[in-house]
Amino acid sequence: MSTAVYIAVMAGVTYLIRMLPFTFFRREIKSGFLRSFLYYIPYAVLAAMTIPAIFYSTGSIITAAAGTAVALILAWFDLPLIAVALAAAAAAFVTGSFL
Amino acid sequence: MKKDLLKGAEHGIPIALGYLSVSFGFGIMAVRAGITPAQATAISLTNLTSAGQAAGIDVIASAGTLIEMALVQLTINLRYALMSLSLSQKLDKSKFTLLKRLIASYGITDEIFAVCSAQTQPLTPSYMYGMIAIAVLGWVGGTVLGAVAGTVLPESVTNAMGIVLYGMFIAIFIPPVRKHKSVLFTVAAAAGLSILFRYVFTGVSFGFAIIICAVIASAAAALLFPVDEAAEKEAAE
């Protein structure tokens, strides 16, 4: 089968998943439970995606743990996203150079 | 409007930098699986998602069926439906026409969703376009570089770059964890469940595991710590 057909199916399915709720859900949600639920969803999604996957993100649990620790400390003090993200990578790199 | 576009673009820079490193890896992987650099670029431009694209490459490389391809994408990417629904509640309705919704929904990724949902103002199309444009540039640019010249950077650098996106996630959820017990509960519950799926219920695919963790943790938090509108505003600040 042509690779172009595979790519079209991939792209089509992925687009529809994003587009349908975003475009056709117009009502404001009134239910207190649902509003609370949607308020917590971003934090839950990010936490589930980060832990434990972050420890496998650099090819070494030790360098990943160092990067995670640095990210947690800097985020705790409210540093900007880019600073936290790059400092985590720098910490992993520096730790890796000692291994 | 121009101001929103620039603000969105500025907020998109850390996303683009993170994407650059991840899609670089995707480019290398795609070429190894026998896909041309042009096809890898087309996949990144039309899909704009990491896990879904990686799985898609596997399906293509193993000559899977189109049904399999559709089901794999549906499972891994279904979390975007939840994010789209959540963002639909934050839109500036007077500015978001049907056409603009059709365009902006193309760019709803984990990271763009995260940054958009952290905004206190209603979301405008210009703001989202600015962010999406920069993020796509990083994602597609990284894919091209990885596919064409994957062996240029030393492994020590590409390995360290693997943590960039996770570092950004931490920077998003830790400050509210510090301020609100309810968010601390949500994050701890979701992380705990995610660990269970990783090491115990290993038969569940990545995409489904994320959905199950997020739904259970958020539903429990919503029952234990209902949010009223005043608190919602305060928490967002």
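Residues numbered from 1 in each chain as written. Chains lettered and ligands numbered in written order. Predicted model: local features only at pLDDT ≥ 70, side-chain atom pairs only at ≥ 80, totals over all residues. Heavy atoms only, no water.

Participant: Could you give an account of the overall build of chain B, with specific residues and numbers?
Facilitator: Within chain B, the regular secondary structure consists of 13 helices and zero strands. Taking 18 Å as the expected radius of gyration for a compact globule of 237 residues, we find that chain B reaches 19 Å, a close match to that expectation. The burial tally for chain B puts 48% of its 237 residues in the buried class. For chain B, the share of sequence-separated contacts (at least 6 apart) that also reach a separation of at least 24 residues comes to 78%. By element, 69% of the accessible surface of chain B is carried by carbon and sulfur atoms, the whole surface being about 10,400 Å². (Helix = DSSP H or I, 4+ residues; strand = E, 2+ residues; numbered from the N terminus. Rg over C-alpha atoms; globule rule 2.2 N^0.38 Å. Buried < 20%, exposed > 50% of the residue type's maximum accessible area, 1.4 Å probe, protein only. Contact = heavy atoms within 4.5 Å. Areas by Shrake-Rupley, 256 points an atom, 1.4 Å probe, with all protein chains shown as cover.)

Participant: Which residues make up the domain arrangement of chain B, and what values go with them?
Facilitator: Residue and element names in this part refer to chain B. Once the domains are mapped, chain B shows domain 1 (2–164) and domain 2 (180–237). Between the C-alpha centres of domain 1 and domain 2 the distance comes to 23 Å. With eight residues of domain 1 at the contact, the number on the domain 2 side is nine residues. Per-residue buried area on domain 1 facing domain 2 is highest for Thr-75, Arg-79 and Thr-120; these three make up 57% of the total on that side. Our enumeration of links across domain 1 and domain 2 arrives at zero salt bridges. Across the domain 1-domain 2 interface, the total number found is zero residue pairs in polar contact (both at pLDDT 80 or more). (Domains from an automatic or database assignment. Buried area = accessible area lost by both parts, 1.4 Å probe. Salt bridge = Lys/Arg side-chain N within 4 Å of Asp/Glu carboxyl O. Polar contact = N/O pair within 3.5 Å; in protein donor to acceptor, adjacent residues only side chain to side chain.)

Participant: I'd like a rundown of the side chain of B:Ser86, residues and numbers included.
Facilitator: As for its position among the elements, B:Ser86 is in helix 5 (residues 79–88). Among all residues touching B:Ser86, those that are not within four sequence positions of it are A:Leu38 and B:Phe113.

Participant: An account of the nonpolar core is requested, with residue identities and associated values reported.
Facilitator: Core analysis: the largest hydrophobic core is formed by 71 residues, its most contacted members being A:Phe22, B:Ile15, B:Leu87, B:Cys116, B:Met128 and B:Phe173. When residues in this core are grouped by element, the largest group, 12 residues, is from helix 2 (residues 32–50) of chain A. With sequence-adjacent residues up to four places away left out, A:Phe22 is seen in contact with B:Ser84, B:Leu87, B:Ser88, B:Leu91, B:Phe96, B:Arg101, B:Ala104, B:Ser105, B:Ile108 and B:Met128. Core analysis: the second largest hydrophobic core is formed by 12 residues, A:Tyr6, B:Ala30, B:Ile43 and B:Met69 among them. (Core = buried A, V, L, I, M, F, W, Y, C linked by side-chain atoms within 4.5 Å.)

Participant: Residue-level account of the interface of chain B and chain A, with values.
Facilitator: In this complex, chain B contributes 97 residues to the contact, which on the side of chain A involves 64 residues. Around 7,500 Å² of area is buried between chain B and chain A when both sides are counted, 75% of it from carbon and sulfur atoms. Here B:Lys179 and A:Asp78 are joined by a salt bridge, their closest N and O atoms 3.9 Å apart. Counting the contacts that link chain B with chain A gives 20 residue pairs in polar contact (both at pLDDT 80 or more). Looking at the side of chain B that touches chain A element by element, the count peaks at 14 residues for helix 10 (residues 164–179) of chain B. Looking at side-chain class alone, the side of chain B that touches chain A contains 62 nonpolar, 26 polar and nine charged residues. (Nonpolar A, V, L, I, M, F, W, Y, C, P; charged D, E, K, R; others polar.)

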